[in-house]
Amino acid sequence: SIAGLDSIAWIALVLGALVALSPLPSLGRVAGGVLLATACLWRPALVPDGVARVTILDVGQGLSVVIETRGHTLVYDAGPSFRTGSDTGQLVVVPFLRSRGIRRVDGVVVSHDDDDHKGGAGSVLSLMDAHALTLGPSLQASTFVRGGAQLIRNACRRGEAWSWDGVDFRWVHPGDVRYQRDNDSSCVLLVSAGGSTALVTGDIEAEAERDMVRDGVLAAVDVVVVPHHGSRTSSTEDFVQASRPRWAVYAVGYRNRWNFPVRRVVQRWELAGAQGVRTSDGGAITFELAPGRGVAPPIEWRREHPRPWRDP
């Protein structure tokens, strides 16, 4: 968790190391050692009971969302893999989890069979202590699980729900319909903390969106992870109006070759009252869902920690 140290803890770490290694009297070096140990024992503040911390990670052109409650963690998708043999599970998702002091993941979700969503899942499962794996209907657990790993294996099914630390989770898609396009079978998750809500949509497209609207499973939410990265085949007018979010998150790569999100889709969400944020601009984007108060503007990691070498 040293990678996640805040500024004060970093100062304590460096100062403690310098003092401990300096030619000061032994008492001074001991004091430096104590300061160094204190910094190394630092842990991020726990999420309060009843609150969900939702972070949309910057995995380039792909999707990975980490949802934390006080005592539980869910990873929804893990971004793409690369021809080099690496993937964003090991390069982005696991380092983020460890920076948050997380060693155990309660659930890993792979929403559907596209590499930019599933590519890093195997690394997350092999590098973290994971309890359960939930898959979209087109996927097989053997694709992601190596050897005899003991995992509870589930499928996302509309209506199934659970609660962690006062936060409610519910699958709102897929239902019983079988789709020709696997994107439309993506797991869609609704997260509720009191009156605050977030909708994570995977790559659903127009057909699935129409079915969800028709079946009445949607209501207004605070945050929506925009379907299919803001492609022109998703974010239909009826779906946008049914969800009416305050914040629309576009999980997109910088200058991606599909030009996601397309301008017409962005305008559609804006006309519905949503303010848009992009991982390509802000890096990891974090919202806190809490009862009794509205959702505050998100923390955008790149804007909170500006560095010339990080800016596109």
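Residues numbered from 1 in each chain as written. Predicted model: local features only at pLDDT ≥ 70, side-chain atom pairs only at ≥ 80, totals over all residues. Heavy atoms only, no water.

J.: Teacher, can you tell me more about the environment of Ser-86 here?
T.: Note on placement: Ser-86 falls in the loop between β3 (73–76) and α3 (88–99). Classification of Ser-86 as buried rests on a relative accessible area of 17%. Sequence separation between Ser-86 and Gly-119 is 33 residues; the distance between their C-alpha atoms is 9.3 Å. Filtering out sequence-adjacent residues up to four positions away, Ser-86 remains in contact with Ser-81 and Leu-91. Only 3.0 Å separates the side chain of Ser-86 from the side chain of Thr-84, close enough to count as a polar contact. (Helix = DSSP H or I, 4+ residues; strand = E, 2+ residues; numbered from the N terminus. Buried < 20%, exposed > 50% of the residue type's maximum accessible area, 1.4 Å probe, protein only. Contact = heavy atoms within 4.5 Å. Polar contact = N/O pair within 3.5 Å; in protein donor to acceptor, adjacent residues only side chain to side chain.)

J.: Can you walk me through the packing of aromatic side chains in this structure?
T.: Two aromatic rings are characterised by how far apart their centres lie and by the angle between their planes. Taken as a whole, this structure holds 7 aromatic pairs when the rule is applied. Each ring, one from Trp-162 and one from Phe-169, has its centre 5.2 Å from the other, and the planes form 5°; the classification is stacked. Residue Trp-162 is classed as partly exposed on the basis of its relative accessible area, which comes to 24%. Of the residues examined, Phe-169 reaches a relative accessible area of 1% and is grouped as buried. Taken together through their ring pairs, the aromatic side chains of Trp-162, Trp-164, Phe-169 and Trp-171 make up a single cluster. Geometry around Tyr-250 places Arg-278 over its ring, the cationic atom sitting 5.9 Å from the centre. (Phe/Tyr/Trp six-rings, centres within 6.5 Å; stacked < 30°, edge-to-face > 60°. Lys NZ or Arg CZ within 6 Å of the ring centre and 35° of its normal.)

J.: Looking at this structure, how should I read the sheet that holds strand β14 (residues 285–289)?
T.: The 8 strands are arranged β6-β5-β4-β3-β2-β1-β14-β15 in an open sheet whose pairing can be described as mixed. Each of the sheet's edge strands pairs with one partner strand only, and the pair in question is β6 (152–155) and β15 (299–300). Sheet analysis places strand β1 (residues 52–56) next to β14, joined by 5 bridges and oriented antiparallel. Counterpart to Arg-53 in the pairing with β14 is Glu-288. (Pairing = 2+ DSSP bridges.)

J.: Where do I start with the side chain of Thr-88 in this structure?
T.: Along the polypeptide, Thr-88 turns up in helix α3. Polar side-chain contacts of Thr-88 include one of 2.8 Å to the backbone oxygen of Ala-78. If we skip the residues at most four places from it in the chain, Thr-88 touches Val-59, Ala-78, Gly-79, Pro-80, Phe-82 and Val-93.

J.: I would appreciate a short explanation of α3 in the present structure.
T.: The terminal C-alpha atoms of α3, which comprises 12 residues, lie 15 Å apart, in line with the 16 Å expected from a rise of 1.5 Å per residue. For α3, the full list of buried residues reads Thr-88, Gly-89, Val-93, Val-94, Phe-96, Leu-97 and Ser-99. Among the residues of α3, the N-terminal cap falls to Asp-87, whose side-chain oxygen and the backbone nitrogen of Gly-89 are separated by 2.8 Å. Phi turns positive, to about 75°, at Gly-101, one or two residues after α3. (Expected span 1.5 Å × (residues − 1).)

J.: Would you mind going over the state of the cysteines with me for this structure?
T.: Should the sulfur atoms of two cysteines be covalently bonded, the bond is a disulfide. Under the definition given, this model contains 1 disulfide. Here Cys-156 connects covalently by a disulfide to Cys-187, the sulfurs 2.0 Å from one another. Looking along the S-S bond of the Cys-156-Cys-187 disulfide, the torsion reads about -70°, which is the left-handed sense. With Cys-156 in the loop between β6 and β7 (161–164) and Cys-187 in the loop between β8 (167–173) and β9 (188–193), this residue pair connects regions lying 31 residues apart in the sequence. One exposure class covers both Cys-156 and Cys-187, and it is buried. (Disulfide = S-S within 2.5 Å.)

By themselves, these observations are geometric and do not establish any function.
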